[in-house]
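The primary structure of each chain is shown beneath.
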Amino acid sequence: MTADELDTLMAARFSCRGFKPDPVPRATIEAIVATARRVPSWCNAQPWQLTITSGAETDAFRAALKDEMATASHAPDLPFPTGYSGVYLDRRRTCGWALYEAVGVEKGDRDGSRAQMMRNFDLFGAPHCAIVSSPAELGAYGALDCGGFITGFTLAAQAQGVATVPQAALASYAPFLHRYFAIPDDRLILCAVSFGYAEPDHPANGFRTERAAVADIVDWRG
Ligand SMILES: Cc1cc2nc3c(=O)[nH]c(=O)nc-3n(C[C@H](O)[C@H](O)[C@H](O)COP(=O)(O)O)c2cc1C
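Quantities reported herein were computed from a predicted structural model and do not represent experimental measurements. (Residues numbered from 1 in each chain as written. Predicted model: local features only at pLDDT ≥ 70, side-chain atom pairs only at ≥ 80, totals over all residues.)

Q: I'm lost on the overall build of the chain in this one. Help?
A: Looking only at helices and strands, the chain features eight helices and four strands. For the chain, the succession of helices and strands along the chain, N to C, is α-α-β-α-α-α-β-α-β-α-β-α. What you see for the chain is a C-alpha radius of gyration of 18 Å, in line with the 17 Å of a compact globule of 222 residues. The buried share among the 222 residues of the chain stands at 27%. In the chain, the proportion of contacts linking residues at least 24 apart, taken out of those at least 6 apart, comes to 84%. (Helix = DSSP H or I, 4+ residues; strand = E, 2+ residues; numbered from the N terminus. Rg over C-alpha atoms; globule rule 2.2 N^0.38 Å. Buried ≥ 20, exposed ≤ 12 C-beta atoms within 10 Å, placed from the backbone. Contact = placed C-beta atoms within 7 Å.)

Q: Explain the site of the ligand to me, please; I cannot follow it from the model alone.
A: Near the ligand, the surroundings consist of Phe 14, Ser 15, Arg 17, Cys 95, Asn 120, Val 165, Pro 166, Gln 167, Ala 168, Ala 169, Cys 191 and Thr 209. The element that contributes the greatest number of residues to the shell around the ligand is strand S3 (residues 163-167), accounting for three residues. (Near = placed C-beta within 6 Å.)

Q: Whenever I open this one, the confidence of the model for the chain confuses me. Can you help?
A: Interpretation of the predicted coordinates at a detailed level should be avoided for regions scoring low in pLDDT. Per-residue pLDDT for the chain has a mean of 97; in total, 100% of the residues score no lower than 70. Helix H5 (residues 110-118) is the least confidently modelled element of the chain, averaging 95 in pLDDT, while S3 averages 99, the highest of any element. (pLDDT = per-residue confidence, 0-100.)

Q: I would appreciate a short explanation of the environment of Gln 167 in the present structure.
A: With respect to the element layout, Gln 167 can be found in strand S3. Sequence-wise, Gln 167 and Ala 130 are 37 residues apart; in three dimensions their C-alpha atoms are separated by 9.8 Å. Discounting chain neighbours no more than four positions away, the residues touching Gln 167 are Asn 120, Cys 191, Ala 192, Val 193 and Ser 194.

Q: Help me out: how do you make sense of the pairing of strand S2 (residues 128-135) in this one?
A: Regular strands show a simple pattern: their side chains alternate between the two faces of the sheet. Where burial is concerned, most of S2 is hidden: seven out of the eight residues are buried. Looking at chain direction, strand S1 (residues 49-53) and S2 are connected through five bridges and run antiparallel. Looking at S2, one finds that Thr 51 is bridged to Ile 131. With eight bridges connecting them, S2 and strand S4 (residues 187-196) associate as antiparallel partners. (Pairing = 2+ DSSP bridges.)

Q: Just checking my understanding: could you explain unusual backbone geometry for this structure?
A: Backbone phi values are negative for most residues with the exception of glycine, while trans is the configuration of most peptide bonds. Although it is not a glycine, Cys 43 adopts a positive phi angle of roughly 60°. One can find Cys 43 in the loop between helix H2 (26-36) and S1. Under the C-beta neighbour-count criterion, Cys 43 is labelled exposed, with 9 such atoms within 10 Å. Non-glycine residue Phe 124 carries a positive phi angle of around 55°. With respect to the helices, strands and loops of the structure, Phe 124 is situated in the loop between H5 and S2.

Q: I keep staring at the environment of Arg 17 and nothing clicks. Help me out?
A: As for its position among the elements, Arg 17 is in the loop between helix H1 (3-12) and H2. Judged by the 27 C-beta atoms lying within 10 Å of it, Arg 17 falls in the buried class. Once the C-alpha coordinates of Arg 17 and Glu 199 are considered, the two residues, 182 residues apart in sequence, prove to be 8.6 Å apart. Not counting residues up to four positions away in its chain, the partners in contact with Arg 17 are Arg 119, Phe 124, Val 165, Ala 204 and Asn 205.

This is the structure in structure tokens:
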């Protein structure tokens, strides 16, 4: 693969929030995981473990998640960010507004924005969901390694024509996920990645996010 081809692949990936119901063949999912596992990790510990749902299991999970949402409170294994300020707050707002504009939610429409946020718990209609966990004893560095794995997963999926959306939103309900999937308490549930084939005409897929310039990212020395 040339550098241009890699850049094209990375530019084509986006967070998909409207999926076709069609399942991804098991062999394709296995190929995605096989490629993603090539990412680096500290001491090559490869801390990522995935619980992947398909078919009726995804639908049962979606339904159980919605039931849980009625009463559950926010309880992630890994504390969520304590705040976004400055440029990070600006970027967060910009991407949120782009999504709301795409789906026709006006600024200040709290019910509309909440309804769009709740689509997270419908997995945006995806036929598959991967729950990503890491050993608690590896702490932030296990999470760091898993972040790399999630990126590898999204790119490997893109190369297979499969769309993805990482979802920290689901990690809010970690106790439920531990219970539902029997994921042991000595593992941190970090994130979910819902995936399947994109519904290209879905309004939520009708925008793309921007990136800061290289000059804004790098502090060159020498
Ligand atoms: C760790 C992580 C967690 C995320 N959690 C959510 C989420 O809960 N819901 C959601 O709609 N998007 C979520 N996203 C997607 C981001 O909003 C998205 O990656 C970002 O806006 C950049 O857009 P792009 O992925 O389309 O390039 C998450 C992404 C990452 C990497």
